Amino acid sequence: MANLLARLFTSVLLLLAVVIVGVYLYGSHPGWFIKNEISAAEWAPKEPESLFESGNMPADVAYGFQLISETSSFIGPMAADDQMHYAGNNLACANCHLQNGTQAGSGSWIGVTDRFPQFRSRSNSQGTIEDRINGCMARSMNGEPLPVNSKEMKAIVSYMEWLGEDLPEERIKEFKGFPKIQLPEVAVDFEKGKALYAQECAVCHGENGQGQKFKDATKGYQYPPLWGPDSFNDGAGMHRVITAAEFIKSNMPFGQATWENPKLTDEEAYHLAGYINSFSRPHKTNLEKDFPDRKLKPVSTPYGPWADNFPAEQHQFGPFQPIMEFYKKQYDLNKTK
C-alpha cells in the first residue's frame, strides 16, 4: 500500500510539474501553442512534384500522384499488368489538369472533393467524386471505369483531398472549373483557327496534332495529342468547342498564359478550339444515352439528340447564341455553354 501511495504521489507531482511548465511556456512563448494562420493572399498551392521527390508525401497520396502524372504506365496501355489497362490512351490526367491539378483555370483539383456529391446533367443524377473520375476515365482517357473501392481510386481521391487541405474560403472560386469567355456571335472560322494553331500550338503539339512524348516514353506525353487515335474521345467535355475555348484561353500557350494573364483573345481561343475539334478522334459508344433530360444538354454538345431543331454543325461549331436564346425562350434556361 505504501508503494502504491508513493507511486501515486509521484505521478501527481509530475503532472503538476508539467502543468506549471506548460503555463509558464504559454505565458512566455504563446506562439508555440498557436497555429500560425496564413492569409488568403499568402496561401499557395502545394508543389506535388518536389514533395513527392523528397519523400514528404503520405504513401496513399504519393501513389495518387503517380497515377495522375504517369497514368499510362500505371493504369493505361503501358502498364505491365494487363488487368490494369483501364485508360485506353497514353494521356496522363495531368496533361489537362495542369501542374498536377494545381493550376488555376485548368480544371484544378484544389478543393474539388468538397463540391461532391453534386448533380450531373450528363447522367441526370447525383454523382460522387468517384463517378466524376470515372467519367474522365471513360471519355478523356478513352478507357474503362476504375473499380470504386480499388486502391487506385482511393489513392486518386486522397491526392485530390490532400491538394485542397487548408484552402482559404476566399480562394475557392479561383480554382473552380474554367473562367468564362465572351463568345463571338459567329461560327468557327477554320482558316483563322488553322493559322493560330500553326503559330501558337504546333511547336509543342505537332503539325498534325500528334503531341510529343517525353524522352522516356514510358512517362507518356509531355505535350498531349489534340486529335487522332491517342487523344480524348468524342464524348469528352474537351470535344465541346466552348469548353475547349475556355481552357485554351486560360492556359495556352503552355507556360505563357494564365487565367489572369492570357495571351489569346476570346475570339482566338474560340476559333482555335473549333479547328482542333474539327479533326477525328476515337468514338465513344452509346452517346445517345447522355443527358436523359435533353433540355440540360450543353448547346455545344456535338452529338444528338437535342431538345431543339438546330443542325448538328451549329451545335458543334456555332454560332451558339441563337441556340441559347431558344432555350431561354422555350424553357427559361440560361445556358452559357
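In case you missed it, the structure is sitting above this.
(A) How the structure looks around the packing of aromatic side chains. Taken as a whole and assessed by the stated rule, the structure comprises 18 aromatic pairs. Taking 6.2 Å as the distance between ring centres and 85° as the angle between the ring planes, the aromatic pair formed by Trp 109 and Tyr 159 counts as edge-to-face. With Trp 109 in the loop between helix 5 (98–101) and strand 1 (118–120) and Tyr 159 in helix 7 (residues 151–163), the pair connects residues that are 50 residues apart, well separated along the chain. Accessibility expressed as a relative area gives 6% for Trp 109, which makes it buried. On the accessibility criterion, Tyr 159 (0% relative accessible area) is buried. Through a chain of ring-to-ring contacts, the aromatic side chains of Phe 52, Phe 65, Trp 109, Tyr 159 and Trp 162 assemble into a single cluster.

(B) Quick look at the pattern of salt bridges. If you walk through the whole model with that rule in mind, you get 11 salt bridges. Two residues, Lys 180 and Glu 246, come together in a salt bridge whose shortest N-O distance is 4.0 Å. Of this pair, Lys 180 sits in the loop between helix 7 and helix 8 (190–205) while Glu 246 sits in helix 9 (residues 241–251), and the two are 66 residues apart along the sequence. With a relative accessible area of 2%, Glu 246 lands in the buried category. Among the ionic pairs, Glu 200 bridges to Lys 263, the shortest N-O distance being 3.1 Å. Placement of Glu 200 in helix 8 and of Lys 263 in the loop between helix 9 and helix 10 (266–276) is noted, with a sequence separation of 63 residues between them. Salt bridges here are not isolated pairs; linked through shared partners, they connect Lys 180, Glu 246 and Lys 337.

(C) A look at the packing of helix 9 against helix 10. Running from N to C, helix 9 and helix 10 point in directions that differ by 125°, and their axes come no closer than 8 Å. Judged by the inter-axis angle, helix 9 sits oblique to helix 10. You can see that helix 9 and helix 10 cross each other, and the crossing is right-handed. Along its contact with helix 9, which presents Val 241, Ala 244, Ala 245, Ile 248 and Lys 249, the element helix 10 presents Asp 266, Ala 269, Tyr 270, Leu 272, Ala 273, Gly 274 and Ile 276. Looking at side-chain class alone, the contact of helix 9 with helix 10 contains 9 nonpolar, 1 polar and 2 charged residues.

Scoring rules and cut-offs
Residues numbered from 1 in each chain as written. Predicted model: local features only at pLDDT ≥ 70, side-chain atom pairs only at ≥ 80, totals over all residues. Heavy atoms only, no water. Phe/Tyr/Trp six-rings, centres within 6.5 Å; stacked < 30°, edge-to-face > 60°. Helix = DSSP H or I, 4+ residues; strand = E, 2+ residues; numbered from the N terminus. Buried < 20%, exposed > 50% of the residue type's maximum accessible area, 1.4 Å probe, protein only. Salt bridge = Lys/Arg side-chain N within 4 Å of Asp/Glu carboxyl O. Axes fitted to C-alpha atoms, helices over the stretch in contact; angles between N-to-C directions. Parallel < 35°, antiparallel > 145°, perpendicular 65-115°, else oblique. Left-handed = near helix turned anticlockwise from the far one by under 90°. Contact = heavy atoms within 4.5 Å. Nonpolar A, V, L, I, M, F, W, Y, C, P; charged D, E, K, R; others polar.

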